[in-house]
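Structural features, examined
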Amino acid sequence: MVQSPREERFWDKARETGEQEERRARLSGELLRTLRLAFQRSPAYREIFSAAGIDPGRMEGLEDLEKLPILRMADLVSRQKTAPPFGGFEVAQDPPRVRRIYINPGFIVQPGEVDGEDSSWAEALVGAGFEAGDSILNTFNYHLWPFGFIIDKAAKMIGATMIPTGPGNTLMQIKILQSLKATGYIGTPSFLMTLTQRAEAMGLDLRKDFSLKRGLVAAEMLPHSLRDNIEKKTGMRVRQAYGTVLIGCIGYECRHKTGLHVPENIIVEVVDPETGRQVSPGGTGEIVATNFSGSYPMIRMATGDLSMFSADACPCGRTGPMLRRIVGRIEQAAKVRGTFIHPWQADEVIALYPEVYKYQVVITREDHVDVMTFVVELKEETRRAEMIRARIERDIKERLTIKGVVRIVSKGTIPDQHKKIDDQRSWD
Ligand SMILES: [Zn+2]
């Protein structure tokens, strides 16, 4: 761990600020090693690769990554059912030195702590500002969900002290924060908000009575307003990290909040979920990640989350890839003429028009071409309706990069419990 004079902290500065070619070469090597291991020892991967006509011996590196099939959670779950407990994805040698068996919601089983250490969460903690000597309240669950333990290990790796409290027990946690003078918080943003609100209601001064300096939040979206609110009230710095328990950390914010830095021991791709091909630079797609676990490697595991890479350089000096932000789930998005349209994008357009009462995006198909229609109800009838209609169409084209049609309807046309994007296309 290095602390530069400008307060930037790194888990492995040489790697995190290294040259692009070095990074590619290192990741290519790790990928090939992991593929060989998976092919030799994991019956599931052997079957998956063989079915896709992949010979790991012929893979040359990162440039061949797209040839590998995408691994979906549904496939992992069904293989765990037919080949319990781990579905044949495990690569540890017999006898397996499994210290823990983690159980995830949905009865997804995962061997924990076999070989080596995954540094992705440690890198995230340091990047978010944590350091040796911090005492951290860990409010993530330690049972029936592995993340409490996983992040606990990461705290050990950076030399911090963990106070495992799990979620809930708000009053007790406030007492612990006060009496142990905890400097850090790990948990969901909503629980951090609950803690601060309750403490305030008890008449505590969050800056004087607490010693909180930093927080790492995950597992939920972190709205700007919530972060600002907590940072102002407590004086702590709140940063977010994103990942999954099977893959590891996929992205974390440094102090500059420019995006989600991808840890150095993982390959992250943004792909078209239908083809598995990487989208063009900056484009929106599904996050797919590959880790190099020596026990339970995840190779091109799909997350269902949508994001895009940022082309900006971060002032912290990290040179690796950076995701802009998580914009939603693939099941909420619709792909229209090859472009993902997500509810938040449609909201951004409509937010420009205070005259709009309600709206819905309807996707249909006419003569084999996708048609995107914004059905719009106005707050009141106006002679400016035609002008508003034309302006919204212009803004759709500008912001969503594809053409949309706007149809203004009378109030009450759009049902109350409506989906924001109604995809009416059928593909048979
Ligand atoms: Zn940064």
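Procedures and definitions
Residues numbered from 1 in each chain as written. Predicted model: local features only at pLDDT ≥ 70, side-chain atom pairs only at ≥ 80, totals over all residues. Helix = DSSP H or I, 4+ residues; strand = E, 2+ residues; numbered from the N terminus. Expected span 1.5 Å × (residues − 1). Contact = placed C-beta atoms within 7 Å. Buried ≥ 20, exposed ≤ 12 C-beta atoms within 10 Å, placed from the backbone. Pairing = 2+ DSSP bridges. Axes fitted to C-alpha atoms, helices over the stretch in contact; angles between N-to-C directions. Right-handed = clockwise from strand over helix to strand, strands pointing away. Left-handed = near helix turned anticlockwise from the far one by under 90°. Nonpolar A, V, L, I, M, F, W, Y, C, P; charged D, E, K, R; others polar.

1. Section: helix α8 (residues 189–201)
With 13 residues, α8 extends 18 Å from end C-alpha to end C-alpha; this agrees with the ideal 18 Å at 1.5 Å per step. Against the buried residues of α8 lie α7 (170–179), β7 (184–187), β8 (214–217) and α9 (224–234). In the segment just after α8, Gly203 is the residue with positive phi, at about 85°.

2. Some points on the environment of Arg318
Looking at where Arg318 falls in the secondary structure, it is placed in the loop between β14 (301–307) and β15 (322–323). The buried category is assigned to Arg318, around which 24 C-beta atoms lie within 10 Å. As a C-alpha pair, Arg318 and Lys13 span 305 residues in sequence and 8.3 Å in three-dimensional space. Filtering out sequence-adjacent residues up to four positions away, Arg318 remains in contact with Glu16, Thr17, Cys254 and His261.

3. Details of the sheet that holds strand β12 (residues 266–271)
Strand order in the open sheet formed by four strands is β12-β13-β14-β16, with antiparallel pairing between adjacent strands. The sheet is open, and its two edges are formed by β12 and β16 (328–329), each paired on a single side. By the bridge criterion, two bridges tie β14 to β16 in an arrangement that is antiparallel. By the bridge assignment for β16, Asp305 is matched with Arg329.

4. Comments concerning the environment of Met202
Structurally, Met202 is set in the loop between α8 and β8. For the pair Met202 and Leu171, spaced 31 residues apart in sequence, the C-alpha separation works out to 9.7 Å.

5. Looking at the sheet that holds strand β22 (residues 421–423)
Adjacent strands of a sheet form backbone hydrogen bonds with each other and so pair up, either parallel or antiparallel. The strand order across the open sheet formed by four strands is β21-β20-β19-β22, and the pairing between neighbours is mixed. Looking along the sheet, the strands with just one partner apiece sit at the ends: β21 (405–409) and β22. Neighbour-to-neighbour, the strand axes of this sheet turn through a mean angle of 25°, independent of strand direction. As judged from the 10 bridges shared by strand β19 (residues 356–366) and strand β20 (residues 369–378), these two strands associate in the antiparallel manner. From the neighbouring strand, Val362 faces β20, where its bridge partner is Thr373. Along the sheet face, helix α11 (residues 385–400) touches β20 and β21 and points at about 150° away from the line of β21.

6. Things to note about the pairing of strand β9 (residues 237–244)
Across the eight residues of β9, seven count as buried, placing the element largely inside the fold. Pairing of β8 with β9, which is carried by four bridges, proceeds in the parallel orientation. For Leu216, the partnering residue across the bridge sits in β9 and is Arg239. With α9 bridging β8 and the parallel β9, this β-α-β connection has right-handed handedness.

7. A few points about the packing of helix α5 (residues 120–127) against helix α6 (residues 147–158)
If you want to describe how two helices pack, look at the angle between their axes and the distance between the axes. At a minimum axis separation of 8 Å, α5 and α6 run at an interaxial angle of 65°. The interaxial crossing formed by α5 with α6 has right-handed handedness. Along the contact surface, α5 presents Trp121, Ala122, Leu125 and Val126, while α6 presents Ile150, Ile151, Ala154, Ala155, Met157 and Ile158. Here the residues of the contact of α5 with α6 are counted per class, giving 10 nonpolar, no polar and no charged.

8. Observations concerning the pairing of β7
Residues of β7 alternate between two faces, with Gly184 and Ile186 on one and Tyr185 and Gly187 on the opposite face, all of them buried. Strand direction decides the pairing type here: strand β5 (residues 135–138) and β7, joined by three bridges, are parallel. The partner of Ile136 across the bridge, within β7, is Gly184. By the bridge criterion, four bridges tie β7 to β8 in an arrangement that is parallel. In the sheet register, Ile186 faces β8, and the bridge partner there is Leu216. Once you follow β7 into α8 and on to β8, the crossover reads as right-handed.

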